[in-house]
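Residue-level structure breakdown
Single-letter residue listing:
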Amino acid sequence: MPFGYNGKILHVNLTSGEFTVEEPGEQWYRTYMGGSGIASYYLLKLLKGGEDPLGPDNVLVFATSVVSGAPISGYNRFTVAAKSPLTDCFGESEAAGYFAPEMKFAGFDAIVFTGKAEKPVYLHIKDGEFSLRDATNVWGLDNYQTLEKIKEETGDSKVRVASIGPAGEKLVRFACITNNLEHYNGRCGMGAVMGSKNLKAVAVRGTNKPELANPEKVKEISSWHRERIKNHPPNKGLATAGTSILIKAINASGILPTRNFSQGVFDQNAGLEWETLEKEIFHKAGTCYMCTVACKRQVKSDDPEFPLDSRFGGPEYETIAAFGSNLLNGNIKAVARANQLCNLAGMDTISAGNMIAFVMECLENGIITKEDIGREMPWGDAAGICWLVEQMAERKGIGDTLSEGIVRAAKKIGKGSEKYAFHIKGNDLPLHDGRGKTGMAMGYALSSTGADHVECPHDVAFQGEGYKALSALGITEPVRPLDTDADKVRFFHLGQLAWGINNLLSICNFCSVPIHAMSFHNLVESVRAITGWDTSLFDILRATERSLVMSRMFNVREGLGPEDDRVISRWHEPMPEGPMAGKKIDEQEFRKAIDLYYEVCGWDAQGVPSHAKLVDLDLEWIEERM
């Protein structure tokens, strides 16, 4: 019998309403392990290439891992993946909370959806039993209303629900999926894929926890981990202030995206810092399954212009910068209100904020007018930000154009607007400036999902003594964040594999390796204790590389090439002011670094993994799918 996982994958054909339970076997689980590995496997196997992401032929995968739901802080995430309607290439997004453990306890390690339901439905799973239920009565409801209605219909207040709101139903291309209104599969438009399939929600309830191979060892590691979290500086900061603690430090470093990535310092930064959030809108801290970090922040305010309900989620760093500094908005209440509007509608805050920055710069340069928008909307217009969020979610006015994503919107608007539409592979940028983190910039350029801050190491964490966090991988010198050379390629290649472990095993970055409280040694020991496998760090890194190569091959099949492995033009321009004044990413040096990375990975000059590399990773079956 398997330990730590169920050994069962549920396949749901939404067109026919038929279910199939697949039991792949231990060797398959050891090969792909979970999360991004399982998701990319099924997308390569079941898609042929060229499918319409919003058509019935797309495949949607919910995947946990072999360690998801174990009683250790951070072992609580899951991946949702499909061909992305935002980027037309590989799309995946991770979320934490309580959904993944509950899905595991309900009897399944992954769910694979194919086809399209004739009318709105939601999937209900309880202790191995499953059914598709009519969702016409919740179609059109926001995520809070949907959650409450499904609790009522199932008669279970503890049911965990991953749902879409009106933005997903209306096929906003950056619509997201929420579970229990605090946790989001935000990137790549996975909510729009659910909407295109008439799939309103997945509701899970389970009481059967998979047996652990060595429960006493798991308990020992969990206890060590909890104590280390209490004293480990990065985790102490997150417990104290959540991710908003990053605003001050990143601004002081001169790399806080400001005014549509044109600047790196925001002079109204104090209005966005964690002390202001705590003083003006903080309600209480929130957490995820078995996690002692408690980095979530619930917010509340009776401000009539920007009302906040503690049930509808609080803003994290990315959202604060997206609706704050990058729009020259220093009003934390307005930021939190825009966040809650996105949460209820089911819309990615990173993409929504970037779309508004694009609009503001186009307005400033006369490319679009207030008549096109329907109102004045200068930089820092707090009320306008919230208004435009609603327009996009409802596809009203110019919001209908913007809801198509930044590439399609800029193409439709034309008039040179593409100059201000910043993206990588069609995905809007998370809120970190690559001019101060060239390794992270490589991560953005090379990620199969496009710009994605959780797909790669962030150089500044490994300056000074920080490099020791990667010593188990052979990094023995401090990282130089501004360099783009062979040393940086080596750091990025190894760091990318280290970061990839967390998406593979569905573990939270804020609890795991390399910079937070978990150690590489105890990570490996936890996998051994949970699964009973005689595994190693080498084995896990191989599975991580396997996942990265599979997603790369998916994009190769969709026609992507070296020209897509790039960063935004603005990062090749000197930073105008602040601590980073004059710094830029040299375009030719960066291209050379990308080409060197291809060689290091065993890829050809076009960035295609070689036949030998596929054989090395036991992935030669992919060649039959190309």
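My aim in this report is to walk through the structure given alongside it, one point at a time. None of the values given here were measured: they were computed from a predicted structure.

Comments concerning the sheet that holds strand E8 (residues 129-134)
- Strand order in the open sheet formed by six strands is E8-E7-E12-E9-E10-E11, with mixed pairing between adjacent strands. The sheet terminates laterally at E8 and strand E11 (183-185), the two strands that pair on one side only. In this sheet, neighbouring strand axes are inclined to one another by 20° on average, regardless of whether the strands run parallel or antiparallel.
- Pairing of strand E7 (residues 121-126) with E8, which is carried by six bridges, proceeds in the antiparallel orientation. Note on E8: the bridge partner recorded for His-124 is Ser-131.

Some points on the pairing of strand E5 (residues 90-95)
- Counting buried positions along E5 yields six of six residues, so the element is predominantly enclosed.
- Side-chain alternation along E5 places Phe-90, Glu-92 and Glu-94 on one buried face and Gly-91, Ser-93 and Ala-95 on a second face that is also buried.
- Sheet topology places strand E4 (residues 78-83) next to E5; six bridges connect them, and they run antiparallel. The partner of Phe-78 across the bridge, within E5, is Ala-95.
- Count of turn residues in the E4/E5 antiparallel hairpin: six residues, of which Asp-88 carries a positive phi of about 60°.

Re the sheet that holds strand E1 (residues 9-13)
- Spatially, six strands are ordered E2-E1-E6-E3-E4-E5 in an open sheet, and the strand pairing comes out mixed. The open sheet has two edge strands with one neighbour each: strand E2 (18-22) and E5. In this sheet, adjacent strand axes meet at a mean angle of 15° when their direction is disregarded.
- Packed on one face of the sheet, helix H2 (residues 35-46) meets E1, E2, strand E3 (60-63), E4, E5 and strand E6 (110-114) and runs near 25° to E4.

Considerations on the packing of aromatic side chains
- Here the structure, examined in full by the defined rule, presents 25 aromatic pairs.
- Centre to centre, the rings of Tyr-32 and Tyr-41 are 4.7 Å apart; their planes meet at 45°, and the pair counts as tilted.
- A residue is classified by how much of its surface remains accessible, and Tyr-32, at 6% relative accessible area, is buried.
- A cation over a ring is seen here: Lys-45 above Trp-621, with NZ or CZ 4.5 Å from the ring centre.

Definitions and cut-offs
Residues numbered from 1 in each chain as written. Predicted model: local features only at pLDDT ≥ 70, side-chain atom pairs only at ≥ 80, totals over all residues. Heavy atoms only, no water. Pairing = 2+ DSSP bridges. Helix = DSSP H or I, 4+ residues; strand = E, 2+ residues; numbered from the N terminus. Axes fitted to C-alpha atoms, helices over the stretch in contact; angles between N-to-C directions. Buried < 20%, exposed > 50% of the residue type's maximum accessible area, 1.4 Å probe, protein only. Contact = heavy atoms within 4.5 Å. Phe/Tyr/Trp six-rings, centres within 6.5 Å; stacked < 30°, edge-to-face > 60°. Lys NZ or Arg CZ within 6 Å of the ring centre and 35° of its normal.

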